[in-house]
Amino acid sequence: VQLVQSGGGLVQAGGSLRLSCTNSGRTFGNYAMGWFRQAPGKEREFVAAISRSGDSTYYADSVKGRFTISRGNAKNTVYLQMNALKPEDTAVYYCALARQDPGSYYHVPYKYDYWGQGTQVTVSS
């Protein structure tokens, strides 16, 4: 498994960005996926996750209604669509793959086994 991220960059507050995470190995169809972020001086925090089946999605309260996690049709890519961005969304964003279903713990980083390289998202005010 190798997770390769793309997207990100600099955007003004209120703007949108889309992050992508592609698995260069197996498809994502059998694995739960998550997005986390880490701002300077802060711990890595949960952003969003999607279940193995893709039927369930989970979001941090801070992004609910603004961000959307989804799988691509080929199921080897997961997206994070970010709308109505705020300066406090500025962080390095990471995608992650969990070999075992996290159950009730989608928001816990150690439940994930593989991580992307991270991509910077900067929102200017």
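Going by the structure above, here's the rest.
Residues numbered from 1 in each chain as written. Predicted model: local features only at pLDDT ≥ 70, side-chain atom pairs only at ≥ 80, totals over all residues. Heavy atoms only, no water.

Visitor: Hey, could you run me through the packing of aromatic side chains in this one?
Guide: How two aromatic rings sit relative to each other is given by the distance of their centres and the angle of their planes. Here the structure, examined in full by the defined rule, presents five aromatic pairs. With 5.2 Å between their ring centres and 55° between their planes, Phe36 and Trp115 make a pair best called tilted. With Phe36 in strand E4 (residues 32–38) and Trp115 in strand E10 (residues 114–115), this pair connects stretches of sequence that are 79 residues apart. The class of Phe36 is buried, set by a relative accessible area of 0%. Its relative accessible area of 27% is what places Trp115 among the partly exposed residues. Measuring from ring centre to ring centre gives 4.2 Å for Tyr58 and Tyr106, while their planes differ by 20°; the resulting arrangement is stacked. Remark: Tyr106 occurs in the loop between strand E9 (91–98) and E10 and Tyr58 occurs in strand E6 (residues 57–59); sequence separation between them is 48 residues. (Phe/Tyr/Trp six-rings, centres within 6.5 Å; stacked < 30°, edge-to-face > 60°. Helix = DSSP H or I, 4+ residues; strand = E, 2+ residues; numbered from the N terminus. Buried < 20%, exposed > 50% of the residue type's maximum accessible area, 1.4 Å probe, protein only.)

Visitor: Whenever I open this one, the pairing of strand E8 (residues 77–82) confuses me. Can you help?
Guide: Walk down a regular strand and you will see the side chains alternate between the two sheet faces. Within E8, five of the six residues are buried, which leaves it mostly tucked inside the rest of the structure. With six bridges joining them, strand E3 (residues 17–23) and E8 adopt antiparallel strand pairing. Looking at the pairing, Thr22 lines up with Thr77 of E8. Summarising the sheet, strand E7 (residues 67–71) and E8 pair through five bridges and their orientation is antiparallel. In the sheet register, Ser70 faces E8, and the bridge partner there is Tyr79. Hairpin connection of E7 to E8: five residues between the antiparallel strands, including Lys75 at a positive phi of 65°. (Pairing = 2+ DSSP bridges.)

Visitor: It is not clear to me how the state of the cysteines should be interpreted in this structure. Could you clarify?
Guide: The term disulfide refers to a covalent linkage connecting the sulfur atoms of a pair of cysteines. Taken as a whole, this structure holds one disulfide when the rule is applied. Here Cys21 connects covalently by a disulfide to Cys95, the sulfurs 2.0 Å from one another. Looking down the S-S bond of the Cys21 and Cys95 bridge, the torsion is 60°, so its handedness is right-handed. Linking Cys21 in strand E3 with Cys95 in strand E9, this pair joins segments that are 74 residues apart in sequence. In terms of burial, Cys21 and Cys95 fall into one category: buried. (Disulfide = S-S within 2.5 Å.)

Visitor: Teacher, can you tell me more about the sheet that holds E8 here?
Guide: Consider a sheet: its strands pair through backbone hydrogen bonds, and that pairing is either parallel or antiparallel. What the four strands build is an open sheet, ordered E1-E3-E8-E7; its pairing is antiparallel. The sheet terminates laterally at strand E1 (3–6) and E7, the two strands that pair on one side only. Each neighbouring strand pair of the sheet contributes to a mean axis angle of 15°, computed without reference to strand direction. With four bridges connecting them, E1 and E3 associate as antiparallel partners. From the neighbouring strand, Leu3 faces E3, where its bridge partner is Asn23. (Axes fitted to C-alpha atoms, helices over the stretch in contact; angles between N-to-C directions.)

Visitor: I tried to follow the pattern of salt bridges on my own but got confused; where do I start?
Guide: Any two side chains of opposite charge can pair if their charged atoms end up close together. Considering all chains together, one arrives at five salt bridges under this definition. Across the pair Asp89 and Arg66 runs a salt bridge, and its minimum N-O distance is 2.8 Å. Within this pair, whereas Asp89 is found in the loop between E8 and E9, its partner Arg66 is found in the loop between E6 and E7, the two being separated by 23 residues in sequence. The exposure classification of Asp89 matches that of Arg66, with both residues buried. Connected through salt bridges with shared partners, the residues Arg37, Glu45, Arg66 and Asp89 form a single ionic network. (Salt bridge = Lys/Arg side-chain N within 4 Å of Asp/Glu carboxyl O.)

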